[in-house]
Amino acid sequence: MPAVSKGDGMRGLAVFISDIRNCKSKEAEIKRINKELANIRSKFKGDKALDGYSKKKYVCKLLFIFLLGHDIDFGHMEAVNLLSSNRYTEKQIGYLFISVLVNSNSELIRLINNAVKNDLASRNPTFMGLALHCIANVGSREMAEAFAGEIPKILVAGDTMDSVKQSAALCLLRLYRTSPDLAPMGDWTSRAVHLLNDQHLIVTSASTDLQDYTYYFVPAPWLSVKLLRLLQCYPPPEDPAVRGRLTECLETILNKAQEPPKSKKVQHSNAKNAVLFEAISLIIHHDSEPNLLVRACSQLGQFLQHRETNLRYLALESMCTLASSEFSHEAVKTHIETVISALKTERDVSVRQRAVDLLYAMCDRSNAQQIVAEMLSYLETADYSIREEIVLKAAILAEKYAVDYTWYVDTILNLIRVAGDYVSEEVWYRVIQIVINRDDVQGYAAKTVFEALQAPACHENLVKVGGYVLGEFGNLIAGDPRSSPLIQFNLLHSKFHLCSVPTRALLLSTYIKFVNLFPEVKGTIQDVLRSDSQLRNADVELQQRAVEYLRLSTVASTDILATVLEEMPPFPERESSILAKLKRKKGPSTVTELEEAKRDRGADANGGPEPAPASTSAASTPSPSADLLGLGAAPPVPAGPPPSSGGLLVDVFSDSPSAVAPLAPGSEDNFARFVCKNNGVLFENQLLQIGLKSEFRQSLGRMFIFYGNKTSTQFLNFTPTLICSDDLQANLSLQTKPVDPTVDGGAQVQQAVNIECVADFAEAPVLNIQFRYGGTFQNVSVKLPITLNKFFQPTEMASQDFFQRWKQLSNPRQEAQSVFRAKHPMDTEVTKAKIIGFGSALLEEVDPNPANFVGAGIIHTRTSQIGCLLRLEPNLQAQMYRLTLRTSRETVSQRLCELLSEQF
Amino acid sequence: MNSSFTEIYRQGKLRLQKWYVPLSDKEKKKITRELVQTVLARKPKMCSFLEWRDLKIVYKRYASLYFCCAIEDQDNELITLEIIHRYVELLDKYFGSVCELDIIFNFEKAYFILDEFLLGGEVQETSKKNVLKAIEQADLLQEPQEIES
């Protein structure tokens, strides 16, 4: 047994450790440990009281056994007993055991706290030190509750020794971090700052010889790093003198870093560069001194080829942030070749990852083609762990900096070719959105996917893109006999059987689109749809599509087919979902800041916002299972009522709960329908139905919203939110209670909204509903039909009064008028009902022309009452109406006119 | 410098661990296992830093022992590397040319030295002289007591 024990030897412990080390097998070791555990247990349980030394020894053995990876379920009480020993070594072991083994929420914590309290009050500096260490090591909330008030007193007490103060300060910092509400920093900060200059301070003892703090010829590197870090908590100093001094200091650090090393030891270089990197962080944080930023960049540039891997790694990382500063972006770009070569030659994947990050950060319009090409070529050999991220980055850059969208399409298809498995849905959705939104690239896209599909083995993602693009734009290349409709169809169909169900569903939609685009292949496609493998497919979605599409192609006339299967309308513009995905992958802070910085720079340096409309845009949602045609569950017979849900209602893109989905298609129509009525179904899709019931009285109203789960599966995290713009919020007060976040399958929950009209308003609140259904996140937004006319009180009046008031309101600003074409049959009774539904009184025999309708009422708001007169003049011959509103307030006349003119 | 935890191990055997965030034993074990695998899989000459969950791992190998710290995103990697080195120096000075056996047989001492040097994950005292002085004083405190018993 080696006699390496020093200080207090615990012979029994050393013997035990030796035994364990001599065990030849795992089994022998476990046997020896179990024997020891049994021994210790019997000693602890035994009748004979153990002396402090034995207790200490056994507790130490338990600790050792724990470190070997075994669970320890006893001995805690003995360890706690050691805390109250007056012997330093026993106390010390007790504290050690607790700091390593006692969980912060252990029941023992009260006993421990008691012992700690005694030691803190003992005025024995070593005991106080142990107690402070224990508080900091456990750092639990209970500890903070018990001692957050005590420690600051120790910190500022005049008779506390410096070493104890040091511990007290760090201990307080620790408690402040875990429980900021409990550690009363506010009260003590000024005293602590006065005492120590700051709470992070490491060197408290001014009398200490500073020589001790020089580390491998670098003066106080820890302190320097701390201070530079502290400065990063503040904005750049405003006082020019202070600012000048700080710049001077930073220049000195940059200069020192350039001096020849005073030692060849890596510790010297590390300590020196630790300070340098922290200084550069501060320079980047200030982002206000172009000279310093450019210098920092050039010094980091030297590290890019340093033989120390650590420095190369850190330089790449640090340059990423420099790239986002407008002052140093260009300087960073000069290193592009070095970074690319790092991507190719570095042997450490984490360094390569940093190189990819830096290329992404330094990318702009001038170098995008080169950088994306390098990413693509790296992708062929890249580590699996980072492929998806590279795909996302390349896709974002290709989109953002595309001048020529054919390049963008090529890039995405290449991404799919090289790393198809790592191309997430967002990426291929996005290429489709862009192709649909940009007609200059549609023909090229069709041609390119057609060619790519000819490869004998192509990735399923390519089939999806190909299916979608050809379904929309296959006609653009059909003139070429090499890509005739039949060839296109056969090419796609040759992939069909190798694809998964969602892709097959998508292809079926492509086929029905072909029926419309190319009547000559209708027969072929109908044969395919009619085959047993389609019509009787075990998958219900495929079967349904086959049946419905076959029927549609048979019964519908050419006109109807053309309408139903019309080209997809452009997607609304939105933030790129790929970017959102990257943010999710990388954590919110990094990418967002970088992106925002880049966007700012784009605007500043390039003299304007990004020219390409699609560059910051993104759109909604072709999901693989979603319906390509937007048919949804609506019957394919156009004579029926128009489908209220014109398209895909569920937003599959915004997976982040904070993002609010754009208004569901059809929402406007539904909204308009509620202007003249108060009850009904506001929204419906395959999953969810939203019904409304509301009543209004003067300026107050109450609305019940009913959410129905149409599925048999629970909705989780079900969160409806009412969203009002700032303007609207000032004029319309809405109060509601949260609903139960779980909605069982088939169940309905209701939510009441109390409404008050404070002043007249023009917008409508948006109801956003987010929930989880199965594995997917659902996000739906609809306009909530709370409109100004709901606060109408009808007023009856005679003809004479009406026209007298009408004349009084003759100021042109009090009148709003609209002439519009009838959208519905011009039925007198229906019109009357609508005017009454609108809320005003319908005044009979007032207008000299009996064909005209006039109405009157008062809009009630919390603060005022606004008299309103309206007159609707139909012209049956021209199928037109003229609507005139006169009120005392311009905004009210306009809004009511807008609302009512949508009704006829 | 707010390290979340520090560990020393060889060949997957843990010699010492110190946590500065409250976690359950199960979580600690899981993290340790995951980390040992990751770090041991790395080749010499690779860089000493890696991103791991939302933390950064800084590790260094001394003979057969790996010393490993987890730090937060804003923390300085190089200075952490030197924290590890300073700790090794302290062990070396105290034991006189430290070897793995010293740490195994005197693991409690290794803990005490670490506690003198770091507190709650923050560097408490960077002067080698001061740390060792504190440890020696503590040793003096205990020796006469041992003789008594």
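To be clear, the structure that these remarks concern was listed above.
Numbers given to residues run from 1 along each chain, matching the order in which its sequence is written. Chains carry letters from A onward and ligands carry numbers from 1 onward, assigned in written order. For a predicted model such as this one, the threshold for reporting local features is a pLDDT of at least 70, and the threshold for listing and counting side-chain atom pairs is 80 or more; totals across whole chains, interfaces and linings nevertheless cover every residue. Side-chain metrics in this entry use all non-hydrogen atoms of the structure; hydrogen atoms and water are not considered.

1. With respect to the overall build of chain A
Moving on, step 1. Helix and strand counts for chain A come out as 38 helices and 16 strands.
Moving on, step 2. Only protein chains enter the accessibility calculation, which uses a 1.4 Å probe. A residue is then buried if its area is under 20% of the maximum for its type, exposed if over 50%, and partly exposed in between. By the burial criterion, 54% of the 904 residues in chain A qualify as buried.
Moving on, step 3. Contacts are assigned to residue pairs with any non-hydrogen atoms lying within 4.5 Å of each other. In chain A, once contacts between residues fewer than 6 apart in sequence are set aside, the share between residues at least 24 apart is 68%.
Moving on, step 4. Just so you have it, chain A exposes about 40,500 Å², and 51% of that area is on carbon and sulfur atoms. Elements are defined by DSSP. Helices are runs of H or I of four residues or more, strands are runs of E of two residues or more, and each kind is numbered from the N terminus. Values of accessible area rely on a 1.4 Å probe in the Shrake-Rupley scheme; residue burial ignores everything except the protein chains shown.

2. Some details on the interface of chain B and chain A
Moving on, step 1. Every contact between the two is made by 67 residues of chain B and, on the other side, 74 residues of chain A.
Moving on, step 2. For the pair chain B and chain A, the two sides together bury roughly 6,500 Å², of which 54% comes from carbon and sulfur.
Moving on, step 3. The largest share of the area that chain B buries against chain A comes from Leu78, Phe105 and Phe107 of chain B, three residues that together contribute 11% of it.
Moving on, step 4. Whenever Lys or Arg places a side-chain nitrogen within 4 Å of a carboxyl oxygen from Asp or Glu, that contact is recorded as a salt bridge. Between chain B and chain A we count four salt bridges in total.
Moving on, step 5. The salt bridge involving Lys29 of chain B is made with Asp71 of chain A; its shortest N-O contact spans 2.8 Å.
Moving on, step 6. Any pair of nitrogen or oxygen atoms within 3.5 Å is treated as a polar contact; in protein, a donor-acceptor pairing is required on top of that, and neighbouring residues in sequence qualify only through side-chain atoms on both sides. At the surface where chain B touches chain A, the tally comes to 25 residue pairs in polar contact (both at pLDDT 80 or more).
Moving on, step 7. Residues are sorted three ways: Asp, Glu, Lys and Arg are charged, Ala, Val, Leu, Ile, Met, Phe, Trp, Tyr, Cys and Pro are nonpolar, and all the rest, Gly among them, are polar. Taken together, the residues of the side of chain B that touches chain A break down into 27 nonpolar, 16 polar and 24 charged. Simply put, the buried area is the total loss of 1.4 Å probe accessible area from both parts when two parts are fitted together.

3. Concerning the sheet that holds strand E6 (residues 715-723) of chain A
Residue and element names in this part refer to chain A.
Moving on, step 1. Across the sheet, which stays open at both edges, the three strands sit in the order E6-E9-E10 with antiparallel pairing between neighbours. In this open sheet, the two strands that pair with only one neighbour each are E6 and strand E10 (776-783). Neighbour-to-neighbour, the strand axes of the sheet open up by a mean angle of 15 degrees, direction not taken into account.
Moving on, step 2. Should DSSP find at least two bridges between two strands, the strands are regarded as paired. Taken together, the seven bridges between E6 and strand E9 (residues 766-773) define a ladder with antiparallel strand orientation. Directly across from Leu716, in E9, lies its bridge partner Arg772. Angles run from 0 to 180 degrees between N-to-C directions of axes, and those axes are lines fitted to C-alpha atoms, restricted for helices to the stretch in contact.

4. Some details on the packing of helix H7 (residues 125-138) of chain A against helix H10 (residues 162-178) of chain A
All names here are of chain A.
Moving on, step 1. Axis separation between H7 and H10 bottoms out at 9 Å; the angle between their running directions is 15 degrees. Judged on the interaxial angle alone, H10 and H7 are roughly parallel. Handedness of the H7/H10 crossing: left-handed. Touching Pro125, Met128, Leu132, His133, Ile135, Ala136, Asn137 and Val138 of H7 are Val164, Ser167, Ala168, Cys171, Arg174 and Leu175, all from H10. An angle below 35 degrees is read as roughly parallel, one above 145 as roughly antiparallel, one from 65 to 115 as roughly perpendicular, and any other as oblique. Note: crossing handedness is left-handed where the near helix turns anticlockwise from the far helix by less than a right angle, and right-handed where it turns clockwise.

5. Points about the sheet that holds strand E3 (residues 680-684) of chain A
All names here are of chain A.
Moving on, step 1. Pairing within the open sheet is antiparallel, and its five strands lie in the order E3-E4-E5-E8-E7. This sheet does not close on itself; its edge strands, each paired only once, are E3 and strand E7 (732-736). Averaged over all pairs of adjacent strands, the angle between strand axes in this sheet comes to 25 degrees, irrespective of strand direction.
Moving on, step 2. Judged from the four bridges that link them, E3 and strand E4 (residues 688-697) form a sheet pairing that is antiparallel. By the bridge assignment, Gly680 is partnered in E4 with Leu692.

6. Focus on the side chain of Ser167 of chain A
Moving on, step 1. As for its position among the elements, Ser167 of chain A is in helix H10.
Moving on, step 2. Residues contacting Ser167 of chain A, with those up to four places away along its chain left out, are Leu132 and His133 of chain A together with Leu119 and Gln124 of chain B.

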